[in-house]
Amino acid sequence: MRSSDDRGDLPDHGNPLELGALPRDLAALLERAVALHGPRPAVRDGDGRWTWAELGAAARGTARWLTALGIRPGDRVLLALPPGRAAAAVLFGALRTGAAIIPVADSSSEYELRRLLLDAAPALVVSTLNTVRTSEAVREEGTAVAVPPEPELMAVQDGTDGSSRAEPDGTALLIYTSGSTGRPRGIVCPHRAVTAAAAAIADRLRYGPRDVVWNRLPMTFDYGLYQLFLCALSGAELVLPQGALSAGELVAIRDAGATVLPAVPTLATLLTRLATRDRRPTGLRLITNTGAALTGTTAEQLRKAFPDTSLVCMYGMSECKRVSIADPDEDLAHPGTVGRALPGTRLFVVDKAGRPLPPGGVGEIVSAGPHVMAGYWHAPEATVERFRPAPDGVGTAVYTGDQGCLDEAGRLRFVGRSDDLFKRRGYRMSTAELEDAMLDIPGVTAAAAVPPDPGGTVTVWAVTDLDAREVLMGVTDRLGPARTPDRCVVVPRLPLTAHGKVDRAALRATAERAAR
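Notes on the structure in this doc start here. One numbering rule holds for all chains: residues counted from 1, following each sequence as written. Whole-chain, interface and lining totals are the exception, using all residues; otherwise, since this is a predicted model, local features are given only for residues with pLDDT of at least 70 and side-chain atom pairs are given and counted only at 80 or more. Heavy atoms throughout the structure, all of them, feed into the side-chain values; hydrogens and water do not.

1. Re helix α2 (residues 52–68)
Piece 1. The helix and strand labels rest on DSSP assignments: H or I over at least four residues marks a helix, E over at least two residues marks a strand, and numbering proceeds from the N terminus. The span expected for a helix works out to 1.5 Å for each residue beyond the first. Compared with the 24 Å implied by 1.5 Å per residue over 17 residues, the 24 Å span of α2 between its first and last C-alpha is a close match.
Piece 2. Remark: exposure states derive from per-residue accessible area (1.4 Å probe, protein chains only) relative to the maximum for the residue type, with buried under 20%, exposed over 50%, and partly exposed in between. For α2, the full list of buried residues reads Trp52, Leu55, Gly56, Ala57, Ala58, Ala59, Gly61, Thr62, Ala63, Trp65 and Leu66.
Piece 3. Gly70 occupies a position one or two residues after α2 and carries a positive phi of about 100 degrees.

2. A short note on the packing of helix α15 (residues 431–439) against helix α16 (residues 468–479)
Piece 1. It is at 9 Å that the axes of α15 and α16 come closest, and there the two elements cross at 110 degrees. Looking at the two axes, α15 sits roughly perpendicular to α16. Here Glu433, Leu434, Ala437 and Met438 of α15 lie close against α16, whose contacting residues are Val471, Val475, Arg478 and Leu479.
Piece 2. Of the residues in the contact of α15 with α16, the class split is six nonpolar, no polar and two charged. Where helices are involved, their axes are fitted lines through C-alpha atoms of the stretch in contact, as for all axes, and angles between N-to-C directions lie from 0 to 180°. Throughout, the term roughly parallel applies to angles under 35 degrees, roughly antiparallel to angles over 145, roughly perpendicular to angles from 65 to 115, and oblique to all others. A contact between two residues is defined here by any heavy atoms of the two lying within 4.5 Å. Residue type decides the class: Asp, Glu, Lys and Arg count as charged, Ala, Val, Leu, Ile, Met, Phe, Trp, Tyr, Cys and Pro as nonpolar, and the leftover types, Gly among them, as polar.

3. Things to note about the sheet that holds strand β24 (residues 459–464)
Piece 1. If DSSP finds at least two bridges between two strands, the strands pair. Strand order in the open sheet formed by three strands is β23-β24-β25, and the pairing between neighbours is mixed. Of all the strands in the sheet, just β23 (444–449) and β25 (487–490) have a single pairing partner and so form its edges. Sheet twist, expressed as the average angle between the axes of neighbouring strands with direction ignored, equals 25 degrees.
Piece 2. Pairing analysis gives five bridges linking β23 to β24, with the strands arranged antiparallel. For Ala448, the partnering residue across the bridge sits in β24 and is Trp461.
Piece 3. Packed onto the sheet, α15 meets β23 and β24 and runs at close to 165 degrees relative to β23.
Piece 4. The sheet contacts of α16 involve β23, β24 and β25, and relative to β25 the element is tilted by about 130 degrees.

4. Observations regarding the pattern of salt bridges
Piece 1. Think of a salt bridge as a Lys or Arg side-chain nitrogen and an Asp or Glu carboxyl oxygen that are within 4 Å of each other. In total, this model carries 26 salt bridges according to the counting rule given.
Piece 2. For Lys321, the salt bridge identified is with Asp222, shortest N-O distance 3.7 Å. Here Lys321 is found in the loop between β13 (310–315) and β14 (324–325), whereas its partner Asp222 is found in helix α9 (residues 222–234), with 99 residues between them in sequence.
Piece 3. Its relative accessible area of 7% is what places Asp222 among the buried residues.
Piece 4. Of the charged contacts in the structure, one is a salt bridge between Glu330 and Arg340, with a shortest N-O distance of 3.0 Å. Remark: Arg340 occurs in strand β15 (residues 340–341) and Glu330 occurs in helix α13 (residues 330–333); sequence separation between them is 10 residues.
Piece 5. Arg340 gets classed as partly exposed once you look at its relative accessible area, which sits at 27%.

5. Digging into the pairing of strand β12 (residues 286–289)
Piece 1. Where burial is concerned, the two faces of β12 agree: the one with Leu286 and Thr288 and the one with Ile287 and Asn289 are both buried.
Piece 2. Note: strand β11 (residues 260–263) against β12, four bridges, orientation parallel. Its bridge partner being in β12, Pro262 is matched across the sheet by Thr288.
Piece 3. Of the pairings in the sheet, the one linking β12 to β13 comprises four bridges and is parallel in character. Residue pairing for β13: Ile287 is matched across the bridge by Leu311.

6. Some remarks on unusual backbone geometry
Piece 1. In this model, Asp329 sits at a positive phi of 60 degrees, which is unusual for a non-glycine residue.
Piece 2. Looking at where Asp329 falls in the secondary structure, it is placed in the loop between β14 and α13.
Piece 3. Backbone geometry at His378 places phi at a positive 55 degrees, although glycine is not the residue there.
Piece 4. Along the chain, the position of His378 falls in the loop between β17 (363–368) and α14 (380–386).
Piece 5. Exposure remark for His378: the relative accessible area of 63% places this residue in the exposed category.

7. Digging into the packing of aromatic side chains
Piece 1. For this analysis, a ring pair means two rings from Phe, Tyr or Trp (six-membered ring only for Trp) whose centres lie within 6.5 Å, classed as stacked if their planes differ by under 30 degrees, edge-to-face if by over 60, and tilted for the remaining angles. Summed over all chains, the structure comprises five aromatic pairs.
Piece 2. When the centroid spacing of 6.2 Å and the interplanar angle of 70 degrees are considered together, the rings of Phe92 and Phe229 count as edge-to-face. Separated by 137 residues along the polypeptide, Phe92 in helix α3 (residues 85–96) and Phe229 in helix α9 bring together distant segments of the chain. In terms of burial, Phe92 and Phe229 fall into one category: buried.
Piece 3. Look at Phe221 and Tyr223: their rings are 5.8 Å apart centre to centre, the planes differ by 85 degrees, and that puts the pair in the edge-to-face class.
Piece 4. Judged by relative accessible area, Tyr223 falls into the buried class, the value being 1%.
Piece 5. Following the ring pairs from residue to residue traces out a cluster consisting of Phe92, Tyr226 and Phe229.
Piece 6. In this scheme, Lys NZ or Arg CZ marks a charge over a ring once it lies within 6 Å of the ring centre and within 35 degrees of the ring normal. Taking NZ or CZ as reference, Arg85 lies 5.3 Å from the ring centre of Trp50, over its face.
Piece 7. Over the ring of Tyr376 we find Arg185, and its NZ or CZ is 4.3 Å from the ring centre.

8. Some remarks on α15
Since the α-helix advances by 3.6 residues per turn, residues separated by three or four positions end up pointing in the same direction.
Piece 1. Among the nine residues in α15, seven count as buried, and that is most of the element.
Piece 2. Residues Thr431, Ala432, Glu433, Leu434, Glu435, Ala437 and Met438 constitute the buried set of α15.

9. Some thoughts on the environment of Leu286
Piece 1. Take Leu286: it is sitting in strand β12.
Piece 2. On the basis of relative accessible area, Leu286 is assigned to the buried category, the value being 3%.
Piece 3. Residues Leu286 and Thr309 lie 23 residues apart in sequence; the distance between their C-alpha atoms is 5.3 Å.
Piece 4. The residues contacting Leu286, other than those within four sequence positions of it, are Leu205, Tyr207, Thr259, Val260, Leu261, Thr309, Ser310 and Val312.

10. What about the side chain of Glu435?
Piece 1. Here Glu435 shows up in helix α15.
Piece 2. Looking at Glu435, the relative accessible area reads 11%, which means it is buried.
Piece 3. Once residues within four sequence positions are removed from consideration, Glu435 is found in contact with Ala447, Ala448, Ala449 and Arg504.

See the structure below:
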């Protein structure tokens, strides 16, 4: 048997499904990885490394542990653990029981936790001991809580009677994302759709068993979470670094032997700055980007900093995971492209009547295929608005609300968002979400927000006796620093239209004047 570090005589890259059909569910996806890549490295965190065989054993043992706690098929398990081996084991273990996972940041505020507990009504919260002890929201809602065993114990809890109860059409994930009402909406993600999306992305990105994926993205963000599934499909190793970003990030990437880096613009900008001071080569062969577009300048600087690395631009949304993926460095020949539709999916740009537009026409981006998720949790009106019959009449499609255009070769160019939803530092947000959080701050009587200005600055307005800094600190407490606006303007009153609504056009105008 090969050692865990011996990758043997393996192909560098290729179609991860050439050796087998699409797994029926995510539990089967892990079992396939164990069968094909068992002794190879799977997941590494700050405290150790597991092979795929060890992760499989830990998932089976964790499934037995969860079953003993009363978890049954159809239940929901809220997972609030830091990225690492334990989180991976609990995720796959819960999926084996037939339960659905709700991934939540372990640093979630009481405000965020309470809203999710009320909306999703999970049967169990799995989190760290410190979080469980200090969470008022968990105690107030009376939700059962559990702290997982240490990773070293999880890997030896395997049993012989732990057959998977996951079903292809069963819910695998509830991914919460911002909604236009200001309340997060849970996207219902069936096993079948998640595996289809992961396989299509894997087919295009071509991770291989020699790859080491450096994943700084939170596993609550589907871009980060799917890295685990992509590694399982390909036999690559997933590295989940601990601690905050620092000046040593580039050194850590080099020392880990990383070859693939999923990035958002903030991470790309930091690494570019670090690389100007440390020009030693890395092993990176591929950098991918989605969540928020890399501007031309940022992409150019990134390529100069990592000249031996290819850049892949992508576009998607959690309601179907991914819409399009470009070929490596395809944006050099076709500036602004975010690629073509995924294998097995269909991509449209439609007018206001839902009719497909010819190449070059700007309209709403629509994606159809087996990767389309099952709608929103307990939100039928929002589901009907977003998930509608495909323009070609075949199945259901996701109507993104975003604007784009296709060229003659089917390449998509993203033009912009057509509503008050926007991407910021990798997070999908809404102006309503910001306003809702501000109104939760004692002393704020009215609040308003607008999408980022052309320079990317997010401005909010508040009617309050607090100063602007106190309002921003309040938002940070509720939504975290990554989703905190750049600027708060305290005003005696908000401008109103003739119909008594907040005059957002006037707010945008003042934001643009301030930017100038």
